[in-house]
Amino acid sequence: MSEYSGALPIPSASRELSCRVAIVGVGETDYHLGYKAARSKAPGYQPPTPESLTKTAFERALADSGLRRHDIDGLSVSFIYGGPSPQATAQLLGIEPGLFVEQATSIMAGPLPIACAAIASGKCDTVAMVYAAASRAIGRQYGGRTYEGAAGMPTSYYYYHPWGWSSQAAHWALVWQYYMAAYGATEEDLGSVAIQVRKNATANPNAVMQTPLSMADYLSSRYIVRPLHLFDLCLVNDGAVCLILRRADKARNLPHAPVLVAGWGESKTKNSKLHTLVRERLRPQAQDAGQQALGMAGLSLSDIQHFEGYDASTIHLISQLEGYGFVEPGAGLDFCKSGEMGIGGSLPVNTSGGILSESYMHGWNHVAEIVRQLRHEAGARQIDDVETSMFSLAQTDQVHPLIFRRGA
Amino acid sequence: MTERRPDRALGSVHDEFWSWCDKGELRLQRCADCGRLSWPAVQECEFCGGTRLSWSRMSGRGAIVSWCTFERDYYNGLLPIPHDTILVELEEGPLFLSNPRGFSWREITAGMAVKLAFLDCEDSAGPFRLPVFERA
């Protein structure tokens, strides 16, 4: 299964689908403890499986939602590197959903709009969305021959093998090398992003990485693909996330404030993919998809109070902030250095640590963090009075934002 | 000396690309409908979907747009670590991912002029000539 194929389009952004569905339950596995156990490999250590991870996340989400098993009438399954069938997953979780929500991708954001459309069309009322990845347990590699034969893969993942060019990181390395020359930026400038996201994670007791990162740590860390250091690239760890979605009119009188799915968008690069990635940094796609999502939600960019961006690398996070227009192209690193991405900044970004420092959950942990922030249950890292959050998935050739609002 | 390289993507249009390389020519597909060049090799023009494509010879002149160096071994020892890769803007427009020959990342600057060369290589499908770039 590919996390990149997009055979099933997400439903078009439309006003009538806005705020029809709320997230009412969230559950995650113990990222920090799981990572520590995987690293220490104590005698008797059993690596987690998609089944064990999913079960934990689902039980926590169900308890969190205040709903009962028989309330769940839809199931959406996202096992990014393989796992049980949807039917076997239902059995594992002890539920009997009437609907298995079809989907093409496992990476957030695609599955969420599809599940929302299923609920809005009346096919079901309450969907459990489960995601799991045992990336570390299976020894997943993110370069070389990893992507051979996967359907729908951008050519950049497999075509340049004879030149020795293939890895996730290499995409962002080309982006960063170009950016440095274009804007006169330095490694220290980019280090500020890794340090800021880590600083956010220090207030998250479930983050894999909670030790503050210094500039000296950053600069002395090894290069993976020069000019990118280890700390410019996301983690590899095991975990699962479960989100429970419910028809918005049935989402009241539950234990937590509902988090409404207000908008979404999707925009893909059709040609000149390396040009669009390296020189334009997907800005045309971010502008297009961002306008779809904001239009659907009836909001403008200045209404967004909290941003969770897909931080596969530090520079890629900055590209998204610049791409949507939160800051001008070339101004993202100064924005970070002035502290604006911190909890008390003008636009808190990746407040739980993202995939750089919290957990590599392919965007699902970003959405879980949005749920906590909009419920005002984020503890030491709570953004004051936050009402509106935006998530952004950006891959090498496509952009998918989601917009959420705190419900009444 | 022939260098061992990771396998090419082969079959149909890809074979045509590599057979031009064997003759010492870098050729990309130009669309008869919109006139634009597609790369990597395609079945249909990546801009307009046109299917009337012909292999157009590139001048071999270009400029470096970006570059990166692999410090982590993703190919199980097949390639030296570190190894450099460059993104070259061909004079005709497309960006072409390649390797530098005769210089390293330490000497590269943005916009540096380069010219085409071919390197004798082999992969599991046999010998082939790999388009790389030297200082212009």
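Definitions and cut-offs
- Residues numbered from 1 in each chain as written.
- Chains lettered and ligands numbered in written order.
- Predicted model: local features only at pLDDT ≥ 70, side-chain atom pairs only at ≥ 80, totals over all residues.
- Helix = DSSP H or I, 4+ residues; strand = E, 2+ residues; numbered from the N terminus.
- Buried ≥ 20, exposed ≤ 12 C-beta atoms within 10 Å, placed from the backbone.
- Contact = placed C-beta atoms within 7 Å.
- Pairing = 2+ DSSP bridges.
- Arc of directions from axis to C-beta.
- Nonpolar A, V, L, I, M, F, W, Y, C, P; charged D, E, K, R; others polar.

**Notes on the overall build of chain A**
Helix and strand content of chain A: 13 helices and twelve strands. Here chain A, with 408 residues, has 59% of them falling under the buried criterion. Long-range pairs, those at least 24 residues apart, make up 80% of the contacts in chain A between residues at least 6 apart in sequence.

**A few points about unusual backbone geometry**
Of all residues except glycine, most have a negative phi; of all peptide bonds, most are trans. The linkage connecting Arg226(A) with the following residue, Pro227(A), adopts the cis geometry, with an omega of 15 degrees. Considering the arrangement of structural elements, one finds Pro227(A) in the loop between β5 (223-226) and β6 (228-229). Across the junction of Trp39(B) and Pro40(B), the peptide omega takes the value -5 degrees, indicating a cis bond. Among the structural elements, Pro40(B) can be located in the loop between β3 (37-38) and β4 (53-57). Positive phi is not limited to glycine here, since Asn253(A) has a value of about 60 degrees. Along the chain, the position of Asn253(A) falls in the loop between β7 (238-247) and β8 (259-264). You will see that Asn76(B), though not glycine, has its phi angle at about 50 degrees, which is positive.

**Describing the pairing of strand β10 (residues 306-309) of chain A**
Residues and elements named next belong to chain A. Residue alternation in β10 divides its side chains into two sets, His-306 and Glu-308 and Phe-307 and Gly-309, and both sets are buried. Note that β10 and strand β11 (residues 388-394) share four bridges and pair parallel. Bridge pairing in β11 places Phe-307 opposite Met-390.

**Let's talk about helix α1 (residues 31-40) of chain A**
Residue and element names in this part refer to chain A. Tyr-31, Gly-34 and Tyr-35 are the residues of α1 that are buried. Buried residues of α1 fall within an arc of 95 degrees about the axis and therefore sit on the same side. Looking at α1, the residues exposed on the side facing more than 90 degrees away from the buried face are Leu-33, Lys-36 and Ser-40. Turning to α1, the residues buried within the fold contact β1 (21-28), β7 and α12 (354-358).

**Section: helix α10 (residues 314-324) of chain A**
Across the eleven residues that make up α10(A), a large majority, eleven, are buried. Considered for burial, the residues of α10(A) that qualify are Thr314(A), Ile315(A), His316(A), Leu317(A), Ile318(A), Ser319(A), Gln320(A), Leu321(A), Glu322(A), Gly323(A) and Tyr324(A).

**Looking at the interface of chain B and chain A**
Facing 31 residues of chain B, the contacting portion of chain A comprises 29 residues. If you list the elements that add at least two residues to the side of chain B that touches chain A, you get β5 (61-70), β6 (83-90), β7 (95-98) and β8 (113-123) of chain B. Among the elements that make up the side of chain B that touches chain A, the one with the highest residue count is β5(B) (six residues). Of the residues belonging to the side of chain B that touches chain A, the class tally is 18 nonpolar, six polar and seven charged.

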